[in-house]
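# Notes for the structure review
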Amino acid sequence: MKHGIYYSYWEHEWSAKFGPYVEKVAKLGFDVIEVAAHHINEYSDAELAVIKQSAIDNNIILTAGIGPSKSKYLSSPDADVRAAGKAFFEKTLANVAKLDIKTIGGALHSYWPVDYSQPVDKEGDWARGVEGIHGIADFANNLGINLCIEVLNRFENHVLNTAAEGVAFVKQVGKPNVKVMLDTFHMNIEEDSFGEAIRTAGPLLGHFHTGESNRRVPGKGRMPWHEIGAALREINYTGAVVMEPFVKTGGTIGSDIRVWRDLTGGADEAKMDEDAHNSLAFSRFVLGG
């Protein structure tokens, strides 16, 4: 099991440059850094090459997360939007591959966050999502990339809310590089049992995010970490465990994640680094790896 952190822990904007964080997370003891793929198409090949070399030099694995926009996503009832979504993914995946990223996760089948001011069509969005992911899976597989479909809570998406739904969706896609992604924050809202949800995903679990119920780093809350760790070990999970804390107000990240109060305890960057380092040690102890 490899342990990582989402670089947006320190940032206010998804568009923030992630290259400088590669060395930082290595010094803190992490194996993995997760980056936001939303703006990766804005990077030049030279910039991507520098980041890739930094990852090699620091022995860091990169993974990516993304929530497609409403103007280009794979399950839209609008065929033009679906086509734009497919083109967006093919361009993004090609650039992600330049960083030797093998895992991209998120609401790949939909858009994020969902606009609930309009009616939603779960059945139709599910069917179109299956078709859309099936349509890009081979392209991703040829680049050596796994597509990890994230199960989200009801307030952020309506299509996949439980591990059982995630497994059913992935099985319908029927591609070996399409996996389930779980996140303890979302599981805390939707699942009856953390352990049972992980066991339900079983061998289809391709990516795993962690965080407390209020999105602080693991170890600063009340999540049943020993239960979670036991279930991950039971299914012989060997993928990445990436903590995804969102603790800072302000900017697009604070707005999108709905962080309306400072969850850092007034910490400066040095204290945030210390909290991340301590959480990593805690995570290795309770989860394994």
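None of the values given here were measured: they were computed from a predicted structure.

### Focus: the overall build of the protein
What the protein contains, in helices and strands, is ten helices and eight strands. For the protein, whose C-alpha radius of gyration is 18 Å, the value lies close to the compact-globule estimate of 19 Å for 289 residues. Dimensions of the protein, computed from C-alpha atoms along their principal axes, come out at roughly 50 × 45 × 35 Å. As displayed, the protein offers around 11900 Å² of accessible surface, 50% of which is attributable to carbon and sulfur atoms. Put simply, the protein has 29 plus and 38 minus side-chain charges, and the middle of one group is 2 Å from the middle of the other.

### As for the packing of helix α4 (residues 122-142) against helix α5 (residues 163-173)
Running from N to C, α4 and α5 point in directions that differ by 50°, and their axes come no closer than 9 Å. Accordingly, the angle class assigned to the pair α4 and α5 is oblique. For the element pair α4 and α5, the recorded crossing hand is right-handed. Residue-level contacts link Lys-122, Trp-126, Gly-129, Val-130, Ile-133 and His-134 of α4 to Glu-165, Ala-168, Phe-169, Gln-172 and Val-173 of α5. When grouped by side-chain class, the residues that make up the contact of α4 with α5 number six nonpolar, three polar and two charged.

### Quick notes on the pattern of salt bridges
For the structure on display, the rule yields 19 salt bridges. Note that Glu-47 and Lys-17 form a salt bridge whose closest N and O atoms lie 3.7 Å from each other. In this pair, Glu-47 is assigned in helix α2 (residues 45-57) and Lys-17 in the loop between β1 (2-6) and α1 (21-28), connecting sequence segments 30 residues apart. According to the relative accessible area criterion, Glu-47 is partly exposed, its value standing at 33%. On the accessibility criterion, Lys-17 (44% relative accessible area) is partly exposed.

### Some thoughts on the packing of aromatic side chains
Here the structure, examined in full by the defined rule, presents 13 aromatic pairs. Ring plane angle 70° and centroid distance 5.8 Å describe the contact between Tyr-7 and Phe-18, whose orientation is recorded as edge-to-face. Taken as a pair, Tyr-7 in the loop between β1 and α1 and Phe-18 in the loop between β1 and α1 lie far apart in primary sequence, eleven residues in all. By the burial criterion, Tyr-7 is buried, and Phe-18 matches it. One aromatic cluster is present, formed by Tyr-6, Tyr-7, Tyr-9, Trp-10, Trp-14, Phe-18, Tyr-21, Tyr-43, Trp-112 and Phe-246 through successive ring pairs. One cation-aromatic arrangement involves Lys-17 over Tyr-43; the distance from NZ or CZ to the ring centre is 4.1 Å. Between the NZ or CZ atom of Arg-215 and the centre of the ring of Phe-185, over which it lies, the distance is 3.9 Å.

Each value, and the rule that gives it
- Position labels on residues start from 1 in each chain and follow its written sequence.
- It should be noted that, the model being predicted, local features are given only for residues of pLDDT at least 70 and side-chain atom pairs only at 80 or more, the latter also being counted only at that level, while totals for whole chains, interfaces and linings use all residues.
- Each side-chain value is worked out from all heavy atoms of the structure, with water and hydrogens disregarded.
- Helical segments are the DSSP runs of H or I of at least four residues, strand segments are the runs of E of at least two, and each set is numbered from the N terminus.
- Radius of gyration means the value over C-alpha atoms here, while the globule rule gives 2.2 Å times the residue count to the 0.38 power.
- Each accessible area is a Shrake-Rupley result for a 1.4 Å probe, and residues are judged covered by the shown protein chains and nothing else.
- Neither His nor the chain ends contribute to the count of charged residues, in which Lys and Arg are positive and Asp and Glu negative.
- Positions of charges follow a simple convention, taking NZ of Lys, CZ of Arg, CG of Asp or CD of Glu.
- Lines are fitted to the C-alpha atoms to define the axes, a helix being fitted only along its stretch in contact, and any angle between axes, read from their N-to-C directions, falls within 0 to 180 degrees.
- Any angle from 65 to 115 degrees is called roughly perpendicular, while one under 35 is roughly parallel, one over 145 is roughly antiparallel, and all others are oblique.
- Each crossing is labelled by how the near helix is turned from the far one, with a counterclockwise turn of less than a right angle marking it left-handed and a clockwise turn marking it right-handed.
- A contact between two residues is defined here by any heavy atoms of the two lying within 4.5 Å.
- Classification used: nonpolar for Ala, Val, Leu, Ile, Met, Phe, Trp, Tyr, Cys and Pro, charged for Asp, Glu, Lys and Arg, polar for all others including Gly.
- For this analysis, a salt bridge means a side-chain nitrogen from Lys or Arg found within 4 Å of a carboxyl oxygen belonging to Asp or Glu.
- Remark: exposure states derive from per-residue accessible area (1.4 Å probe, protein chains only) relative to the maximum for the residue type, with buried under 20%, exposed over 50%, and partly exposed in between.
- Here the aromatic set is Phe, Tyr and Trp, taking the six-membered ring for Trp, and pairing holds for ring centres within 6.5 Å; pairs whose planes are under 30 degrees apart are stacked, those over 60 apart are edge-to-face, and all others are tilted.
- Only when the NZ of Lys or the CZ of Arg is both within 6 Å of the ring centre and within 35 degrees of the ring normal is a charge said to sit over the ring.

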